[in-house]
Amino acid sequence: YTVSMDRYTVLKVIGEGSFGRALLVQPKGSAGHSVLKEIRLPKTQCGQESSRTEALLLSRMKHPNIVAYRESFEADGHLYIVMEYCTGGDLLQKMKQQKNTLFSVEVILRWFAQMCLGAKHIHDKRVLHRDLKSKNIFLTDNGTVKLGDFGSACILNSSRAYVYSYVGTPYYMSPEIWDSKPYNNKSDVWSLGCVLYELCTLRHPFQATSWKSLILKVCRGAYPPLPNHLPYELHYLIKQMFKTNPRDRPSLHTILTSHRVSRLLQKHL
Ligand code: ADP
Ligand code: MG
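Bear in mind the structure is a predicted one, so any value in this text is a computation, not a measurement.

Procedures and definitions
Residues numbered from 1 in each chain as written. Chains lettered and ligands numbered in written order. Predicted model: local features only at pLDDT ≥ 70, side-chain atom pairs only at ≥ 80, totals over all residues. Axes fitted to C-alpha atoms, helices over the stretch in contact; angles between N-to-C directions. Helix = DSSP H or I, 4+ residues; strand = E, 2+ residues; numbered from the N terminus. Parallel < 35°, antiparallel > 145°, perpendicular 65-115°, else oblique. Left-handed = near helix turned anticlockwise from the far one by under 90°. Contact = placed C-beta atoms within 7 Å. Buried ≥ 20, exposed ≤ 12 C-beta atoms within 10 Å, placed from the backbone. Near = placed C-beta within 6 Å. Nonpolar A, V, L, I, M, F, W, Y, C, P; charged D, E, K, R; others polar. Arc of directions from axis to C-beta. UniProt positions renumbered as here; feature names shortened; annotations may be inferred. Pairing = 2+ DSSP bridges.

A. Local environment of the packing of helix α4 (residues 105-124) against helix α7 (residues 185-201). Interhelical geometry of α4 versus α7 gives an angle of 165 degrees and a closest axis separation of 11 Å. One element, α4, and the other, α7, form an angle in the roughly antiparallel class. Read as a crossing pair, α4 and α7 show a hand that is right-handed. Counting all contacts with α4, which are made through I108, W111, F112, M115, A119 and H123, the residues of α7 involved are N185, D188, L192, V195, L196, L199 and C200.

What follows is the structure, given as structure tokens:
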């Protein structure tokens, strides 16, 4: 390893994916912990540029509800991104730990409001996240929610080919993506709608045993009804976020301000 890598002690592996690994590290001579994401750099120039985009876009974000960027460097054909460690792990793990006990409305609204603030910051910087899902949303020890994993993010005004390219996770993909239309800010809103539904029910809104039937459900915006005990505003919000035409879906700005649920969300921030 090079000079930069020498400055960290690796404690353990906390995540593994196709990209490489996420490691829990300790900067030498300091008490705090960080996460070091190790990404194998592709052979092609073009592939390398797109890997570097993750570090570049994360470094541009500065918001309490987005994982804080510390530094990045390259060594031995790898890109390393150092970021804040969220001790609570990801939301998917958290939901699994619940078994079948639903989260309280207070917890759902508090987490969701924070996700919206983080996502609005991303959109305000003219960036699309493109892979919002419970596995990419992290929790700190004081219960703050942080959006992470900018591995699929792109700049809003980048070349069409890039915005059209397939990314994301099938369960969270909006009707326009299945319809081969470009990814836009409302596609992120759809994905956040899926996360909100998951928080409310501990299930995916759109689930099926075949691709064909999954796509049909998504394109009809047909999801199983929510539990009755949830407030009317949550029923209403989810219905709006799952509008099949992206133009009918609220933006994050709308959800947080002029929307009739905004007062409920502000109360939980
Ligand atoms: P990938 O591109 O493989 O999805 P991620 O950035 O999502 O990589 O990291 C993979 C997993 O590692 C996450 O789902 C999460 O469980 C864990 N992880 C990543 N970054 C952090 C972090 N900053 N704090 C806590 N856990 C993290
Ligand atoms: Mg991820």
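There's more to say after this.
B. How the structure looks around the environment of V107. As for its position among the elements, V107 is in helix α4. Given 14 C-beta atoms within 10 Å, V107 falls into the partly exposed group. Distance in space between the C-alpha atoms of V107 and G143 is 9.4 Å, their sequence separation being 36 residues.

C. Molecular detail of the site of ligand 1. If you check the shell around ligand 1, you find 20 residues, and the closest are G15, G17, A22, C86 and D149. Elements with a minimum of two residues in the shell around ligand 1: β1 (8-16), β3 (34-40) and β5 (78-84). Split into classes, the residues belonging to the shell around ligand 1 amount to nine nonpolar, six polar and five charged.

D. Geometry of helix α9 (residues 232-241). Buried residues of α9: L234, L237, I238 and M241, and no others. The buried side chains of α9 occupy one side of the element, clustering within an arc of 95 degrees when seen end-on.

E. Just the UniProt feature "binding site: ATP" (unreviewed entry) in the protein chain, in detail. As recorded in UniProt, the sites labelled "binding site: ATP" (unreviewed entry) are K37. Within the secondary structure, K37 sits in strand β3. Classification of K37 as buried rests on a count of 26 C-beta atoms within 10 Å.

F. Region of the structure containing the sheet that holds strand β4 (residues 69-75). The sheet built from five strands is open, its strands ordered β1-β2-β3-β5-β4 with antiparallel pairing. Lying at the two open borders of the sheet, with one neighbouring strand each, are β1 and β4. Along the sheet, successive strands turn relative to each other by an average axial angle of 25 degrees, direction set aside. Of the strands in this sheet, β3, β4 and β5 are in contact with helix α2 (residues 45-60), which crosses β5 at around 20 degrees.

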